[in-house]
Each structure stands twice: as C-alpha cells, then as structure tokens.
Amino acid sequence: MAAASTVVSKVFTKDELCALERAPAPCGIVIFGASGDLAHRKLFPALFSLVLDHLMPKDFYVIGVGRTSLTDVAFQSGVRQALGTVGTAEERAEFISHLTYLSGEYHLEATYAALGKRLAGLDEVHQTHGCHIFYLATPPALYEVIVGLLGSSGLAAARSSRACTRLVVEKPFGHDLSSARDLNVAIRRVFQEDQIYRIDHYLGKETVQNILMFRFANAIYEPVWNEKYIDHVQITAAESDGVEHRAGYYEQAGVLRDMFQNHLLQLLCLVAMEPPASFDADAVRNEKSKVMTAVSFPSADRLGQDVIRGQYGAGEIEREAAPAYRNEPGVHPNSFTETFAALRMEIDNWRWHGVPFYLRSGKRLPKRVTEIAVQFRRVPTSIFKSLVVEELSPNVLHFRIQPNEGISLRLEAKHPGPKVCLSSVTMHFDYTEAFGVTPPEAYARLFLDVMLGDQTLFARQDWLEHSWKLLDPLLQYEKDVQETGLRSYPAGSWGPPEADALLAREGRQWLTR
Ligand SMILES: NC(=O)c1ccc[n+]([C@@H]2O[C@H](COP(=O)([O-])OP(=O)(O)OC[C@H]3O[C@@H](n4cnc5c(N)ncnc54)[C@H](OP(=O)(O)O)[C@@H]3O)[C@@H](O)[C@H]2O)c1
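First, a word on what this report is: a plain description of the structure on this page.

Parameters at a glance
- Residues numbered from 1 in each chain as written.
- Predicted model: local features only at pLDDT ≥ 70, side-chain atom pairs only at ≥ 80, totals over all residues.
- Heavy atoms only, no water.
- Near = heavy atom within 4 Å.
- Polar contact = N/O pair within 3.5 Å; in protein donor to acceptor, adjacent residues only side chain to side chain.
- Areas by Shrake-Rupley, 256 points an atom, 1.4 Å probe, with all protein chains shown as cover.
- Helix = DSSP H or I, 4+ residues; strand = E, 2+ residues; numbered from the N terminus.
- Nonpolar A, V, L, I, M, F, W, Y, C, P; charged D, E, K, R; others polar.
- Disulfide = S-S within 2.5 Å.
- Buried < 20%, exposed > 50% of the residue type's maximum accessible area, 1.4 Å probe, protein only.
- Salt bridge = Lys/Arg side-chain N within 4 Å of Asp/Glu carboxyl O.

**Re the site of the ligand**
Neighbouring the ligand are 20 residues, the closest being S35, R41, R67, T68 and Y106. In the model, an oxygen atom of the ligand is placed 2.8 Å from a nitrogen or oxygen of the L38 main chain. Measuring from an oxygen atom of the ligand, one finds a backbone N or O atom of T138 at 3.0 Å. Notes on the ligand: free accessible area 860 Å², of which the protein chains cover 76%. With three residues, the single largest contributor to the shell around the ligand is helix α2 (residues 37–52). The residue inventory of the shell around the ligand, partitioned by class, reads eight nonpolar, six polar and six charged.

See below:
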C-alpha cells in the first residue's frame, strides 16, 4: 500500500523564510468601478503602498473602467489626489504613469471589445504574458453582468500557457444563501474556484493573520485552548461612525449582513478552528469550513433571547451631537434596519462544547475598536486566606485587531510589600512598538496575494454558503419581528441595555469598553 505522502519540498530557518521573496509576475489589473469610493480610498493607495515597499511586479499596468466619462489625465489626477502626500512627488508620478482609464457601460459588449484591445496593447508593452486581474469594485448588482461579458468576450480565457486570469469579488457576496449560490453559479460558468478571490478585508489585517501564528507557532496555548480552560469568547467590532454616505447600501444590508456574515464569522473561525495540516490555502480553508459546520446559531425558539438587535437614536460621540439613524441622509424615516446586533452562539464539537461565543457589532458606538477577548476559567479555589475565589479575576487574552494592533494578557499579580494584596495587571504586546513599523493596510496584503495566486486569506464558496445558511434564519426572524424586535440605543452608547443583559444573565459582562 502506498504511504500517504506529505511533500515538503524545502525547509527553511525563520530568517530564510522571512527573506523569501514574494515577487509577483508582471500583470495587468482591471478595476471595474474605478471612479468609486472603494477604488479611491483603498485600492489605489494599496497598490501605491506596494510600489513603495518594492512588492509590485517588475512591470504592471492598471486600467480603470467606469461609466463616467474621463480622460486618462483626469482619472490620473483623481488618483493622485487620493494618494495624498504619501511617498515623494516623483514616486506618485511614476505610479500614476501606470494607470489608464476606459469609459463604457458595464452591460455593453462594446466596452469589453475596447477593453480587449487596450489589454492586448498594454500586454505587449509591459510583457505581462496575458496575466490579468479583474477587480469587481462596482455595486454588487453588476457582478453577474460583468463576469458574463468577460466570459463571452473571451477576456476571461487564458491567452497563453503563462497567462493567469484572476477575478476579485468585493463583498457583499450575495444577500442571502440563494442569491450567493446564484452569483456563484454565474461566476463559475466563467472562472474556476482557484481563479476566484472573494475579499474579506478583515483577513488582510496583520493581527487577524497573527491569530494563526499565535495559536500554532507557540506550544503553550494549544493545551488550554478548549472547553476545559476557556470560559467564553467575545468578538466585538465597534464603529463610532454612522451610516455616512452609504445609506443606499446599508438600508438593504444592516449590520448582520454587513459585519456578521463575513468579518465576525471569519474571526470566529480563526479562534475556533483545529490546527490545519499546513499553512496552505486549502488546508486552512478546510478547517475554517469545518468550524462552520459545527456552529450552532440560536435555534428558532431562542432567537428572541439570544439575538439582540438595535438601531441608533440621536446622541453624542466625543461631545459632538450625532443624529438618529432614521434622520441620516438616504435613510427611510421608518427604517427597521438594524445598526447593532449582539448574539450568543455555541460551537458544538469536542473542543468547544458548552463554551458561549458572544458576537457584537454596531455603528455609532463610543469608539472604533475590533477586539477578540478569550476569557479563561477561574482558578478552582482561593489559597489566599479570607479571599473568596470570585475576587480573583480570570485571565483574559485580548487580540486587538484595530486600532493599535496588539495582543494582551490579563493576569493577577501581587502588590509590592508585606501584605497579601492582589490586583489585575496586563502584559501587552504592541505591533508598532515591537516591530517599529505600523502594520500595512489590509488591501495591500490582499492585492499582493491575488498577484501571487495565494488564496489563503480569501473566502471559499463552501465557507460562504455555510455563513449564509447560519444567517438566513436570523434575517427571516428580523423580517418577521420588524419593529417589535428592534431596540433603540443612543448614539455614543454601547448598544441597547438588552445586549448587556445577554451576558449578565450568565454572570458575565462585555470586556471591550
Ligand atoms: N466603499 C467601501 O468602503 C467598501 C467597503 C467594503 C466593500 N465595498 C464594496 O465595494 C464595491 C464598490 O464600493 P464603492 O463604495 O466604491 O461603490 P460606489 O462608489 O457606489 O460605486 C463604484 C462605482 O460603480 C459605479 N456605479 C455606481 N452605481 C452604479 C449603478 N447604479 N450602475 C452602474 N454603475 C454604478 C460608479 O462608477 P461609474 O458611474 O463611473 O461607472 C461608481 O463610481 C461594492 O460592492 C461595495 O459593497 C465597499
């Protein structure tokens, strides 16, 4: 019988691994929706930061596509503005010389015929061997149309044996299970799964990636990473901003679709997954999908108790008055869209049986912070005379995802002096302090991985379907209860009091404040 083989082609020292060049091959990047907010705020600055870090290919070009009629010069000038004062004027000018613009309607074949000609010409100049990345940064309703026409125009097909064609899809990927499946079917008619990069920009954040390093490169955590030692886990993604100019999208989405279906469930998987056999894309994504099959969201009879939904009313943030959600521009005055949700769920497997996971996210909370708090169980008894065990605070491990990325551990420690005085102290690791650099932007890392063909940090279709399967009953419940299930909270607070009660009824409290 042939032995199962684990092929390790070469092993490295830590320094060798670190020094390995991650140099992508020359390529052409096509951004649909290039005149939009995402492209200007995130995508172009991310590409430019890769240039500054010498991580872009030797040669590359970018074609922005949009309906807006713009000359190359006007488009480049908009991007130049978006880059602000980062880099030198020469570096910005050099980067901008790689950009061109193509205006056209997304649903017209003529647009793709013109794009084909532009690609062929630029491929010749930049020697990209037909390596193309198509980035969908338009409203999601256009994804199917664009992908269909990329297919029928022949642009999605590899033009040479060295060509690579990849598709990047922005979130949201569907608005429920059935639309996510339909979109996937439409995309898979044209692209293979290994060509599709479904973005969840949280996965590009350094501290998020560090959860895996932390768990699987240190021996001390694995033995205690289970229901015997962990009391519960909290995941909080708080925003102080309101809906801003995105009411059109947010009114249809709400916080459950906007934050829970993707970011919060991804974070949950990284905390809860089993060790993958390797750090390869499929090994990691297999384990994440396995967690999703074991997640038990509140059952129908528990939805009322275990899911708290809220919408912000008028209030104050950092001493500035903030309007109610229903008074924000573009929001329906009787909107039932939830801007806050907190929920309790469990993972029904050997590792996590009985450990509650509390997830919370909302807009107009007192500050912008994303954090995972893993609270360990208390010591079984107090050996310190006359100190009840409840007085000894349990250890808490905090993963700070943003801002001030870092990891901290809360411990009990003795005060100096002859008396037995204990208090909680924190051991803290700060990314910027430890490494002397601020962590790179998530989109830069993700762009680099797309160019390198590394799918580890992108959502696979099976994971996505699991996430919608979990969320669909909550969305249905939300539709059924509408206003009755929606609590109001003042802008600048930590959500409705019921969210605190969700934990308090089990003797716990939110740790991120
Ligand atoms: N902005 C963010 O922070 C953010 C964050 C996460 C995910 N996303 C996702 O990224 C994608 C783009 O977001 P965005 O905020 O950049 O969107 P956007 O600014 O509203 O739209 C991007 C571009 O798409 C075109 N467009 C807009 N509405 C259209 C319509 N009804 N029909 C045809 N074309 C239209 C416009 O370009 P032309 O008129 O020139 O064609 C627009 O500049 C969306 O799927 C969004 O969900 C955005």
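So much for the structure itself; the text now carries on.
**So, the state of the cysteines**
Defined simply, a disulfide is a covalent bond joining two cysteines at their sulfur atoms. Per the stated rule, a full pass over the model turns up one disulfide. One disulfide bridge connects C131 with C164, the sulfur atoms lying 2.5 Å from each other. As the torsion about the S-S bond is roughly 130°, the C131-C164 disulfide counts as right-handed. Taken together, the positions of C131 in the loop between α5 (109–126) and β4 (132–136) and C164 in the loop between α6 (143–152) and β5 (165–169) put the pair 33 residues apart, joining distant regions of the chain. For C131, a relative accessible area of 5% gives the class buried. Here C27 is not disulfide-linked; the sulfur of C131 is the nearest cysteine sulfur, at 7.0 Å.

**Focus on the pattern of salt bridges**
The final tally for this structure, using the stated rule, is 28 salt bridges. Among the salt bridges present, the one from D306 reaches R302, with a minimum N-O distance of 3.2 Å. Taking the relative accessible area as the measure of exposure, R302 reaches 31% and is therefore partly exposed. Among the ionic pairs, D462 bridges to R460, the shortest N-O distance being 2.9 Å. A relative accessible area of 31% means that D462 is categorised as partly exposed. For R460, a relative accessible area of 13% gives the class buried. A network of salt bridges, in which partner residues are shared, links D231, R344, E346, R377, E506 and R508.

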